[in-house]
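# A structural walkthrough
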Amino acid sequence: MSISITALPNRRTLFKAAGLAALAGIAACSTVSVPTGEGAGVSSSATATLAGIRASGGLPALAPDTQLEQAALQQAGYMASRQRMSHTTGWGKDFASRMKDNGVRGAAAENIAEGRFDLQKLFDIWMHSDGHRRNMLDPDFSRFGLAYVRDGRDPSLRYWSLVLGR
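Residues numbered from 1 in each chain as written. Predicted model: local features only at pLDDT ≥ 70, side-chain atom pairs only at ≥ 80, totals over all residues. Heavy atoms only, no water.

For the protein, an unreviewed UniProt entry supplies the name CAP domain-containing protein and the organism Mesorhizobium hawassense.

Rendered as structure tokens:
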């Protein structure tokens, strides 16, 4: 059996193909980073609002918690960087794995939001949503963390995360 030399690709073609394959691999792995703006934990600002919500349900107030606030800030930052609301991250982290990674043990829940509104409007929106209201009025929770991160392109747009825990 004989093989014709012209049927095999030359060295230059092989190098080009290898280079293109490498670039395609790099492009597939890279992520486009959207600039994010200022972010803040604002649990202390929401303590009275949440206490009022819980009192309306005959429940004790929630205590602000720095660990839960950090988990909330992390999620708000992720959402702002991707410009979309999600309870998961692009790294395959779901809510349970994120809580574990942040040292949060036991029952926990998360409310998220995106919009151009203040704290009062944020809680009003959540109170008019069955699932979000249920989280805030869950008698198993005693602590919370609330944070936001501004969209880097539109400073009036905020991504919010409220994490509730025992």
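After that view, the rundown keeps rolling.
### Observations regarding the packing of aromatic side chains
What describes a pair of aromatic rings is the distance from one ring centre to the other and the angle between the planes of the rings. Per the counting criterion, the structure on display carries 2 aromatic pairs. Residues phenylalanine 123 and tryptophan 126 carry aromatic rings whose centres are separated by 5.5 Å and whose planes lie at 80° to one another, so their mutual orientation is edge-to-face. On the criterion of helical spacing, the pair formed by phenylalanine 123 and tryptophan 126 is a turn pair, its members being 3 residues apart in helix α5 (residues 119-127). Each member of the pair, phenylalanine 123 together with tryptophan 126, is buried. (Phe/Tyr/Trp six-rings, centres within 6.5 Å; stacked < 30°, edge-to-face > 60°. Helix = DSSP H or I, 4+ residues; strand = E, 2+ residues; numbered from the N terminus. Buried < 20%, exposed > 50% of the residue type's maximum accessible area, 1.4 Å probe, protein only.)

### Here's the deal with the side chain of serine 43
If you trace the backbone, serine 43 turns up in helix α2 (residues 43-56). For serine 43, the side chain forms a polar contact with the side chain of glutamate 69, separated by 2.7 Å. If we skip the residues at most four places from it in the chain, serine 43 touches Pro64, Glu69, Phe144, Gly145 and Leu146. (Polar contact = N/O pair within 3.5 Å; in protein donor to acceptor, adjacent residues only side chain to side chain. Contact = heavy atoms within 4.5 Å.)

### A closer look at the confidence of the model for the protein
For the protein, per-residue confidence averages 79 on the pLDDT scale, and 74% of positions sit at 70 or higher. Contacts of residues 11-35 to residues separated by more than four positions or lying in other chains number 10 contacts, the stretch itself having pLDDT below 50. (pLDDT = per-residue confidence, 0-100.)

### Observations concerning the pairing of strand β4 (residues 143-151)
Among the 9 residues in β4, 9 count as buried, and that is most of the element. Alignment of strand β2 (residues 63-64) against β4, held across 2 bridges, turns out to be parallel. Bridging from a neighbouring strand, proline 64 pairs with phenylalanine 144 of β4. Pairing analysis gives 8 bridges linking β4 to strand β5 (residues 158-165), with the strands arranged antiparallel. (Pairing = 2+ DSSP bridges.)

### Focus on the side chain of arginine 143
Tracing the backbone through its elements, the reader meets arginine 143 in strand β4. Residue classification places arginine 143 among the buried residues on the basis of a relative accessible area of 18%. Among the polar contacts listed, one links the side chain of arginine 143 to the side chain of aspartate 65, at a separation of 2.7 Å. In this view, arginine 143 contacts Leu62, Ala63, Asp65, Gln67, Leu68, Val163, Leu164, Gly165 and Arg166; residues no more than four positions away in its chain are not counted.

### Comments concerning helix α3 (residues 66-82)
Along its 17 residues, α3 runs 24 Å from first to last C-alpha, staying within 8% of the 24 Å computed at 1.5 Å per residue. Every buried residue belonging to α3 is among Leu68, Ala71, Ala72, Gln75, Ala76, Tyr78, Met79, Ala80 and Ser81, and all of these are buried. Taken from the residues just after α3, glutamine 83 is the one with a positive phi, measuring 55°. (Expected span 1.5 Å × (residues − 1).)

### Observations regarding the pattern of salt bridges
Under the defined criterion, the tally for this structure stands at 5 salt bridges. Linking arginine 116 and aspartate 154 is a salt bridge whose minimum nitrogen-to-oxygen distance equals 2.3 Å. You can see arginine 116 sitting in the loop between β3 (108-115) and α5 and its partner aspartate 154 sitting in the loop between β4 and β5, a full 38 residues away along the chain. Between arginine 133 and aspartate 130 there is a salt bridge whose closest N-O contact spans 2.6 Å. In this pair, arginine 133 and aspartate 130 are both assigned in helix α6 (residues 130-136), 3 residues apart and thus about one turn of the helix distant. For arginine 133, a relative accessible area of 27% translates into the label partly exposed. (Salt bridge = Lys/Arg side-chain N within 4 Å of Asp/Glu carboxyl O.)

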